[in-house]
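Chain residues, written in single-letter form:
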Amino acid sequence: MQTCVKVYHIKGDFCLFLKGIKYFCTFNNRLLEMKKEKFFGYVGWVGMCTSILMYVFYFPQIQENLNGNKGSFIQPFMAGINCTLWVCYGLFKEKRDLPLVLANSPGVIFGFFAAFTAL
């Protein structure tokens, strides 16, 4: 007699069948985990790119500020503070998060620049 489960004793092929199901489920779970990791890796890169673009698009506001058409000070200033906090978090946590740092670095520069040109 082979033991498949602690409580039950099952003979022969049925025990092998149950073990096969166990190994298939384990393999399938690992495959799903790999797909999730890959998917969230792509989501992270897309998020990083859109974040960089969001802060690069402060250029028109900076140009308007320099041409004398002053815009809001508080929104880009708060974006600069927010990005500074995220950059510090990404750099100083135990395992560095470089996509987070790269995504928020332009916000530090362009956010504060847009804010101070609005004064």
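What you see is a predicted model, and the numbers here were worked out from it, not measured in a lab.

**Quick look at the overall build of the protein chain**
Scanning the protein chain from terminus to terminus reveals 4 helices and 2 strands. By residue count, 21% of the 119 residues in the protein chain fall in the buried class. A separation threshold of at least 6 residues defines the contact pool for the protein chain, and within that pool the share at least 24 residues apart is 64%. Summed over all atoms, the accessible surface of the protein chain reaches about 9,100 Å², with 70% contributed by carbon and sulfur.

**Brief notes about the UniProt feature "transmembrane region" (unreviewed entry) in the protein chain**
UniProt tags residues 39-58, 73-92 and 99-118 as "transmembrane region" (unreviewed entry). As a span, residues 73-92 carries 95% helix and 0% strand, and end to end its C-alpha atoms are 29 Å apart. Secondary structure over residues 99-118 splits into 95% helix and 0% strand, and the C-alpha atoms at its two ends are 29 Å apart.

**Observations regarding helix α4 (residues 98-117)**
In this model α4 runs 29 Å from its N-terminal to its C-terminal C-alpha over 20 residues, within 8% of the 28 Å that 1.5 Å per residue would give. Along its length, α4 reaches its greatest deviation from straightness, about 30°, at N104, and the proline P106 lies no more than four positions downstream. Within α4, burial applies to L100, V101, A103, N104, P106, G107, F110, G111, A114, A115 and T117.

**A closer look at the packing of aromatic side chains**
This structure, assessed with the given rule, holds 8 aromatic pairs. With a centroid separation of 5.7 Å and an interplanar angle of 65°, the aromatic rings of F77 and F112 are classed as edge-to-face. On the criterion of sequence distance, the pair formed by F77 in helix α3 (residues 74-92) and F112 in helix α4 is long-range, its members being 35 residues apart. By relative accessible area, which is 22% here, F112 ends up partly exposed. An angle of 25° between the planes, with centres 6.3 Å apart, marks the rings of F112 and F116 as stacked. Of this pair, F112 and F116 are both found in helix α4, 4 residues apart, which corresponds to roughly one turn of the helix. Feature note: the residues F73, F77, F112 and F116 constitute an aromatic cluster, connected by ring pairs.

**Regarding the confidence of the model for the protein chain**
When pLDDT is averaged across the protein chain, the result is 79; 71% of the residues are at 70 or more. Highest mean pLDDT in the protein chain belongs to α3 (94); lowest belongs to strand β1 (residues 2-3) (48).

Calculation notes
Sequence order as written defines residue numbering, which begins from 1 separately in each chain. Note on the predicted model: pLDDT of at least 70 is required for a residue's local features to be given, and 80 or more for side-chain atom pairs to be given and counted; whole-chain, interface and lining totals, by contrast, use all residues. As a convention, hydrogens and water are excluded, and side-chain values are obtained from all of the structure's heavy atoms. Only DSSP runs of H or I covering at least 4 residues are called helices, and only runs of E covering at least 2 are called strands; the numbering of each starts at the N terminus. Relative accessibility under 20% of the residue-type maximum defines a buried residue, over 50% an exposed one, and the middle range a partly exposed one, all with a 1.4 Å probe and only protein chains included. The contact definition used throughout considers only heavy atoms, calling two residues in contact when any of these lie within 4.5 Å. To be clear on the numbers: accessible area is Shrake-Rupley with a 1.4 Å probe, and residue cover counts the displayed protein chains and nothing else. UniProt positions are given in the numbering used here, feature names are shortened, and annotations may be inferred rather than shown by experiment. Here a helix's expected span is defined as the number of its residues, less one, multiplied by 1.5 Å. At every residue, the bend is computed as the angle between two fitted axes, covering the seven residues ending there and the seven beginning there respectively. For Phe, Tyr and Trp, where Trp contributes only its six-membered ring, two rings pair if their centres lie within 6.5 Å, and the inter-plane angle classes them as stacked under 30 degrees, edge-to-face over 60, or tilted in between. Residue-level confidence of the predictor, termed pLDDT, takes values from 0 up to 100.

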